[in-house]
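Secondary and tertiary structure notes
The residues making up each chain are set out below.
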Amino acid sequence: MSKVVLDLRNTSPVQKHEIALLIYNSMKDNPNFLDPKPTLAAFKAKMDKMNAKMEKLAIAKQALKIALIEQRKASDELANTLRQMSWYVAVASNGDMLKALSSGMKWRKAKTASPVPPVLQNLRARATNKSGEIILLWKGIARRYNIFSYEIRYTFSSSEHAKWVQGDSTSDPKLVFQSPRPGVKIWFQVRATNATGAGPWSNRIGIVSHEEE
């Protein structure tokens, strides 16, 4: 004698819900099953409860994803600040171990001083479709220079004697910049820093960001 088979082993919650939905739709208004036990209403109530839990989980997963992205961003910003602070301590302590240790940082005597970073190459910029947003990219400096960070500066003047504004810094050869004046041409320069000091500023590059109408 044949029998009904319902194998729920190794099925995920979503798969169980899909199976239940198929059975519910198949049995609804089916003359072969006029008095199901449990009732279709009770069956649907369990399905609705499961569906609500899945939607709640999906929202929680999205919130967690956003929170992780924000945490990584904050972590990168903190790491950049720590590198800048370590560079300051290295310069301010001037090789005095006790003075450097009083900052709360560890001390490691360098075998050889890192050379001053060279000028950055291949600086380029791309405006996104977001108002004022510009993505800056450049070729990273070789590892032997022990780069702490890359510093950004910008100006809205094309003059050789333009007044530059110090921008953000980053540990990666990439930075997303938000222009305070969307739609106006802006020029950028970038330089690398390490324990020895700051390298020369790169050639300037100009770009006009998108401006929302």
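Cut-offs and rules
Residues numbered from 1 in each chain as written. Predicted model: local features only at pLDDT ≥ 70, side-chain atom pairs only at ≥ 80, totals over all residues. Heavy atoms only, no water. Core = buried A, V, L, I, M, F, W, Y, C linked by side-chain atoms within 4.5 Å. Buried < 20%, exposed > 50% of the residue type's maximum accessible area, 1.4 Å probe, protein only. Helix = DSSP H or I, 4+ residues; strand = E, 2+ residues; numbered from the N terminus. Pairing = 2+ DSSP bridges. Axes fitted to C-alpha atoms, helices over the stretch in contact; angles between N-to-C directions.

With that settled, consider the nonpolar core. By size, the foremost hydrophobic cluster in this structure holds 18 residues, and its most contacted members are L136, W138, Y150, I152, I186, F188 and V190. Breaking this core down by element, the ones donating at least two residues are β2 (133-139), β3 (149-155), β5 (174-178), β6 (185-193) and β7 (205-208). Considering every element that reaches this core, the biggest residue donor is β6, with four residues.

Moving on, we get to the sheet that holds β5. The antiparallel open sheet is built from three strands, whose spatial order is β1-β2-β5. Unpaired on one side and paired on the other, β1 (121-127) and β5 mark the two borders of the sheet. Going from strand to strand, the sheet's axes swing by 20 degrees on average, the running direction of each strand aside. Taken together, the five bridges between β1 and β2 define a ladder with antiparallel strand orientation. Its bridge partner lying in β2, Q121 is registered against K139.

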